[in-house]
Amino acid sequence: MERTTAQAPGTARPTAPHAPDAERLRRWRMVLGADSADSTGCTLKGQDAAMDGALNALYGGGAGKKPGGGRGAGGRSAGLGASAPSVARWLGDIRTYFPSSVVQVMQRDAIDRLGLAALLLEPEMLEAVEADVHLVGTLLSLNKAMPETTKETARAVVRKVVEDLEKRLESRTRATLTGALDRSARISRPRHRDIDWNRTIRANLKNYLPVPGPAGAGGAGGTGAPAGAGGAGRAEGRGTIVPERLIGYGRASRSAKKDVVLCIDQSGSMAASVVYASVFGAVLASMRTLSTRLVVFDTAVVDLTDRLDDPVDVLFGTQLGGGTDINRALAYCQSKITRPADTVFVLISDLYEGGIRDEMLKRVAAMKASGVQFMTLLALSDEGAPAYDHEHAAALGALGAPAFACTPDLFPDVMAAAIEKRPLPIPDKETQQ
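As the structure is a computational prediction, the values presented were derived from the model and not from experiment.

Tracing the chain through its elements places glycine 321 in the loop between helix H11 (311–316) and helix H12 (326–336). Those residues in contact with glycine 321 that lie beyond four places of it in its chain are Gln266, Ser267, Gly268 and Asp298.

Here you go:
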């Protein structure tokens, strides 16, 4: 705000701020809210007033009270009213005034700050919301309390999000992992059409033989030289490579080349990771060169492998919340591993273990010793740095089983590296410590 200066007698004082000042005041008024911005002297009109009302309902001074709260003796309070229709109108307003990414944040805040989760059990509410991964997580946490009249609507919301994720993630996952599986299946006696010529030539460069050039080229019976050994050599003759060792791609087989185990912590804090992991599990299960097992756990263990053909069924088979027993989940999964040298094990957990810590670490060490490629994803989501048990993450890192957060876009590259037994492309190695 600009300071007002004294003016000479007879000089007219401006009655309204100039256009740039008016815009600045309008923005401050929108940022500060009604009660906190009285000193701006700015009155909002039209769409600005409607936007301010939608924001004030959620982020007013009393935010955090349950719906139906009104003004109390202490001043302004937030609230959307106790009825679903008033909330549905508010949802419609914010979708009118704000972009989709902002709408999703405001919906999430409304659920957390105003206790609107219960209203999501009503079909008309679900039809009004902007569907995203976080909303799916909320619906899954309410699954057991959801009435039958709402479940079909909820499944439709979840299916829309899942289908959008599959479109985004499936093609790149398939392309990346198919290439990794081909490269990991090198064979030493390939058929002609299966020969990897680039790798075969590199492996046999030591077997280069010069071919005598034509008479008079470089002297009588002149000898050629390898390409690149000087201009004369390139002009005078050529050589050949004797392929003593052939390297080829493995032929497509109906049997799986690799086994993948996705072991997912379904505690409430892992909601977004559960959604992404379920989608990836369905994509991996559709690749015949992979044998995929998907297991979810809290204090109990549930094998959802038989539902992998439909990730929506997988998600509704989870129950977000509850305790955590990683050791029990690892014990179950370990009992299902039949080809340890060809198994990639992905534990998706924040590592807050409620079971037996030492036994958990012993199981990981045993799997690593048998040849299993083991990694822990502290989060599989687009969110920021996750909260996790640093001591357990460091202990796993010391066993050669890295623990790190991973975005959905990076997951195919991480899996490809694990399949090929290359170093994992860990975004920030400090997260292992």
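Next comes the rest of the write-up.
For the rest of this paragraph, the subject is unusual backbone geometry. In this structure, leucine 351 is a non-glycine residue whose phi angle is positive, near 70°. The backbone of lysine 421 shows a phi angle near 60°, a positive value even though the residue is not glycine.

The strand order S5-S4-S3-S6-S7-S8 describes an open sheet built from six strands, whose pairing is mixed. Of all strands in the sheet, those bounded by a partner on one side alone are strand S5 (301–303) and strand S8 (403–406). Across the sheet, the mean angle separating the axes of adjacent strands is 25° when strand polarity is ignored. Strands strand S3 (258–265), strand S4 (290–297), S5, strand S6 (343–348) and strand S7 (373–380) of the sheet are contacted by H12, whose axis makes an angle of about 155° with S4.

As a further point, take helix H6 (residues 133–141). With seven of nine residues buried, H6 lies mostly within the body of the structure. Val133, Leu135, Val136, Gly137, Thr138, Leu139 and Leu140 are the residues of H6 that are buried.

Glancing now at the environment of alanine 272. By the secondary structure assignment, alanine 272 is in helix H10 (residues 271–285). For alanine 272, a relative accessible area of 9% corresponds to the buried category. Spatially, the C-alpha atom of alanine 272 lies 6.2 Å from that of glycine 137, the residues being 135 residues apart in sequence. When sequence neighbours within four positions are dropped, the list of residues in contact with alanine 272 reads Val133, Leu380 and Ser381.

The full count for this structure, using the stated rule, is two aromatic pairs. Look at phenylalanine 280 and phenylalanine 411: their rings are 4.5 Å apart centre to centre, the planes differ by 45°, and that puts the pair in the tilted class. Of this pair, phenylalanine 280 sits in helix H10 while phenylalanine 411 sits in helix H15 (residues 411–420), and the two are 131 residues apart along the sequence. On the numbers, 4.9 Å between centres and 10° between planes, the contact of phenylalanine 345 with phenylalanine 374 is stacked. Separated by 29 residues along the polypeptide, phenylalanine 345 in strand S6 and phenylalanine 374 in strand S7 bring together distant segments of the chain. Comparing phenylalanine 345 with phenylalanine 374 shows no difference in burial state: the two are buried.

The next point concerns the confidence of the model for the protein. For the protein, the average pLDDT comes to 78, and 76% of its residues sit at 70 or higher. By mean pLDDT, the top-scoring element of the protein is S6 (97), and the lowest-scoring one is helix H9 (residues 231–236) (46). This stretch, residues 63–77, has a pLDDT under 50; its non-local contacts, to residues over four places away or in other chains, come to 34 contacts. Counting contacts from residues 216–235, a segment whose pLDDT is below 50, to residues more than four positions away or on other chains yields 19 contacts.

Interhelical geometry of H12 versus helix H13 (residues 357–370) gives an angle of 30° and a closest axis separation of 8 Å. Here H12 is positioned roughly parallel relative to H13, judged by the angle of their axes. Seen from above, H12 lies across H13 with left-handed handedness. Together, Ile326, Asn327, Leu330, Ala331 and Gln334 of H12 and Glu359, Met360, Arg363, Val364, Ala366 and Met367 of H13 make up the contact between the two elements.

Next up on the list: helix H4 (residues 100–114). The end-to-end C-alpha separation of H4 is 20 Å, in line with the 21 Å expected for 15 residues at 1.5 Å each. Those residues of H4 lying buried are Val103, Met106, Gln107, Ala110, Ile111 and Leu114. Relative to the axis of H4, the buried residues are bounded by an arc of 140° and lie together on one face. Away from its buried face by more than 90 degrees, H4 exposes Ser101 and Asp112.

By the definition in use, this model includes zero disulfides. Unpaired in terms of disulfides, cysteine 263 finds its nearest cysteine sulfur in cysteine 333, a separation of 3.8 Å. A relative accessible area of 1% places cysteine 333 in the buried class.

Cut-offs used in this document
- Residues numbered from 1 in each chain as written.
- Predicted model: local features only at pLDDT ≥ 70, side-chain atom pairs only at ≥ 80, totals over all residues.
- Heavy atoms only, no water.
- Helix = DSSP H or I, 4+ residues; strand = E, 2+ residues; numbered from the N terminus.
- Contact = heavy atoms within 4.5 Å.
- Pairing = 2+ DSSP bridges.
- Axes fitted to C-alpha atoms, helices over the stretch in contact; angles between N-to-C directions.
- Buried < 20%, exposed > 50% of the residue type's maximum accessible area, 1.4 Å probe, protein only.
- Phe/Tyr/Trp six-rings, centres within 6.5 Å; stacked < 30°, edge-to-face > 60°.
- pLDDT = per-residue confidence, 0-100.
- Parallel < 35°, antiparallel > 145°, perpendicular 65-115°, else oblique.
- Left-handed = near helix turned anticlockwise from the far one by under 90°.
- Expected span 1.5 Å × (residues − 1).
- Arc of directions from axis to C-beta.
- Disulfide = S-S within 2.5 Å.

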